[in-house]
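Summary of the model geometry
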Amino acid sequence: MRKVFLVIGLFLVVASSVFGQKKKEVLTPVTVSYALPKVVYDVVVTMECADLIPGPLARYAEKQLGVRPEIEQHGQSWRIKRIQFIPRSVPDEKAMFSLTAKAEYRGVALSVTPEGLLKGICSGSTGNDKVIGKAVYKENKVVVEEDINYLSFGLRSTQKEVLDSNFTMVEYEGEMRRQWDPIIRYTLKEDADYAEECAREIFNIRQKRLEAIATANRAALEELNRLEENYLSLFMGKRVCSEVVKHFSFVPQKEKESILLFRFSEQAGITTRNNVSAQPFVVEVDNVKVLSKKEIEGKTAVATEGITYRVPASADLVLLKGEAEVMRVPAVLPQLGYLTQFPMDVINNEGFCLEFYPEYGSLKSVSYK
């Protein structure tokens, strides 16, 4: 009997020790860091560059075709096709925070994006955030011929026949007479010779095109149009167009701010910023509004016992070409709003779950766990 009581006593001691360990309070502090975002705008400018190539036979255009060439010297012509504003959220170096908790680990169950932006607290949601990859800029331009080669349009012969004057004495009805007996030789053709041949081909093509129209031969008509265009480029010159894309970025910082994006010239495209002769493209931050009526100043200093989040501002980004407004873009700018706080004791005691918009750092929802 004494042995039985001894075993029971040992069991109770072990059990009380185990239960005591389970109820032991954990005092190790836990620190979790997070950041709030600011919005950066990537500007994508898509342009068309036309390389102007004069025809090698341009000086014969009026004589042979009766028209003046459109392109008389090498150059470039630029135009802007489109401008895109693409918002991108990045951690704000001025809005980095850390949260330290003891015992109650529920209060530091934060959800963050791969960039470290605050997403939720006690929400249990991980989401499917994608890591933004590195953008690589490639400027794809068509390789442009240095000149127009008229030998590539079917004119195989580069020589012409020349008759030199030569006379011989022959007897005719008992009388010696001079008779013209030319000597044939060959020399390289000159530009004037090529101009004459190409002009003749253009008129032949136009005659054949009329015949193709009469017979409704669509394939022949398209081929004749292409061939005539090639021959005409020898006199009129040609434009070789390519698409060029440029990237810029800017961060809105305050209302009524003017940001010079780039300067543009129709002769040179995007030029240096100090080229005052080129057209400036400027972005202005206008019509800034914050949902709360509180003053923004002084709101960046917050207490340590709470989750800090943003009340973002809305604004208009106005694109100006010189002084003319060409585009107005509505925007949400968290960095122009202010910081506020949700108390940690309320989260812990009431069992709240908070969700945030990671791209803006603003509160999305408050719910019970």
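Scoring rules and cut-offs
- Residues numbered from 1 in each chain as written.
- Predicted model: local features only at pLDDT ≥ 70, side-chain atom pairs only at ≥ 80, totals over all residues.
- Heavy atoms only, no water.
- Phe/Tyr/Trp six-rings, centres within 6.5 Å; stacked < 30°, edge-to-face > 60°.
- Helix = DSSP H or I, 4+ residues; strand = E, 2+ residues; numbered from the N terminus.
- Buried < 20%, exposed > 50% of the residue type's maximum accessible area, 1.4 Å probe, protein only.
- Core = buried A, V, L, I, M, F, W, Y, C linked by side-chain atoms within 4.5 Å.
- Contact = heavy atoms within 4.5 Å.
- Salt bridge = Lys/Arg side-chain N within 4 Å of Asp/Glu carboxyl O.
- pLDDT = per-residue confidence, 0-100.
- Expected span 1.5 Å × (residues − 1).
- Axes fitted to C-alpha atoms, helices over the stretch in contact; angles between N-to-C directions.
- Parallel < 35°, antiparallel > 145°, perpendicular 65-115°, else oblique.
- Left-handed = near helix turned anticlockwise from the far one by under 90°.
- Nonpolar A, V, L, I, M, F, W, Y, C, P; charged D, E, K, R; others polar.

Focus: the packing of aromatic side chains
Counting across every chain of the model gives eight aromatic pairs. With 5.7 Å between their ring centres and 15 degrees between their planes, Tyr41 and Phe250 make a pair best called stacked. On the criterion of sequence distance, the pair formed by Tyr41 in strand β1 (residues 30-53) and Phe250 in strand β9 (residues 238-250) is long-range, its members being 209 residues apart. Here Tyr41 matches Phe250 in class, with each residue buried.

Some thoughts on the nonpolar core
In terms of nonpolar packing, the biggest core is built from 28 residues, with Phe85, Phe250 and Leu317 touching the most fellow members. Of all the secondary-structure elements, those providing two or more residues to this core are β1, β2 (75-101), β9, β10 (258-265), β12 (279-290), β13 (306-321) and β14 (324-343). Among the elements that take part in this core, β1 stands out by supplying six residues, more than any other. With residues up to four places along the chain from it excluded, the contact list for Leu317 reads Tyr41, Phe85, Phe250, Pro252, Val283, Glu284, Val285, Met327, Arg328, Val329 and Ala331. In terms of nonpolar packing, the next biggest core, distinct from the first, is built from 16 residues, Tyr60, Tyr194, Ala195 and Leu224 among them.

What to know about the pattern of salt bridges
Considering all chains together, one arrives at 15 salt bridges under this definition. Notably, a salt bridge pairs Arg310 with Asp92, separated by 2.6 Å at the nearest N-O pair. Of this pair, Arg310 sits in strand β13 while Asp92 sits in strand β2, and the two are 218 residues apart along the sequence. In terms of burial, Arg310 and Asp92 fall into one category: buried. Between Glu228 and Arg209 there is a salt bridge, with the nearest N and O atoms lying 2.3 Å from each other. Highlighted residues: Glu228 in helix α4 (residues 218-236) and Arg209 in helix α3 (residues 191-214), separated in sequence by 19 residues.

Some words on the confidence of the model for the chain
The predicted structure's coordinates, where accompanied by low pLDDT, should not be read in detail. Of the residues in the chain, 69% reach a pLDDT of 70 or more, and the chain-wide mean stands at 75. Across residues 1-23, confidence stays below pLDDT 50; counting only partners more than four residues off in sequence or on other chains, it has zero contacts. Across residues 126-139, confidence stays below pLDDT 50; counting only partners more than four residues off in sequence or on other chains, it has 17 contacts.

As for unusual backbone geometry
Positive phi is not limited to glycine here, since Lys256 has a value of about 65 degrees. Note that Lys256 resides in the loop between β9 and β10. Positive phi outside glycine occurs at Asn287, with the angle close to 60 degrees. The topology assignment puts Asn287 in strand β12.

A closer look at α3
Helix length check: α3, at 24 residues, gives a terminal C-alpha distance of 35 Å against a target of 34 Å (1.5 Å per residue), a fit within 8%. Burial in α3 covers these residues: Asp193, Tyr194, Ala195, Glu197, Cys198, Ala199, Ile202, Ile205 and Ala212. Following α3 by one or two positions, Ala216 has its phi on the positive side, about 55 degrees.

As for the packing of α3 against α4
In the contact formed by α3 and α4, the axes pass within 9 Å of each other and the chain directions differ by 160 degrees. Classified by the angle between their axes, α3 and α4 sit roughly antiparallel to one another. Judged by the twist between their axes, the crossing of α3 over α4 is left-handed. For the pair formed by α3 and α4, the contact residues are Ala195, Cys198, Ala199, Glu201, Ile202, Ile205, Arg206, Lys208, Arg209, Ala212 and Ile213 on the first element and Ala220, Leu221, Leu224, Asn225, Leu227, Glu228, Tyr231, Leu232, Leu234 and Phe235 on the second. Broken down by class, the residue content of the contact of α3 with α4 amounts to 15 nonpolar, one polar and five charged.

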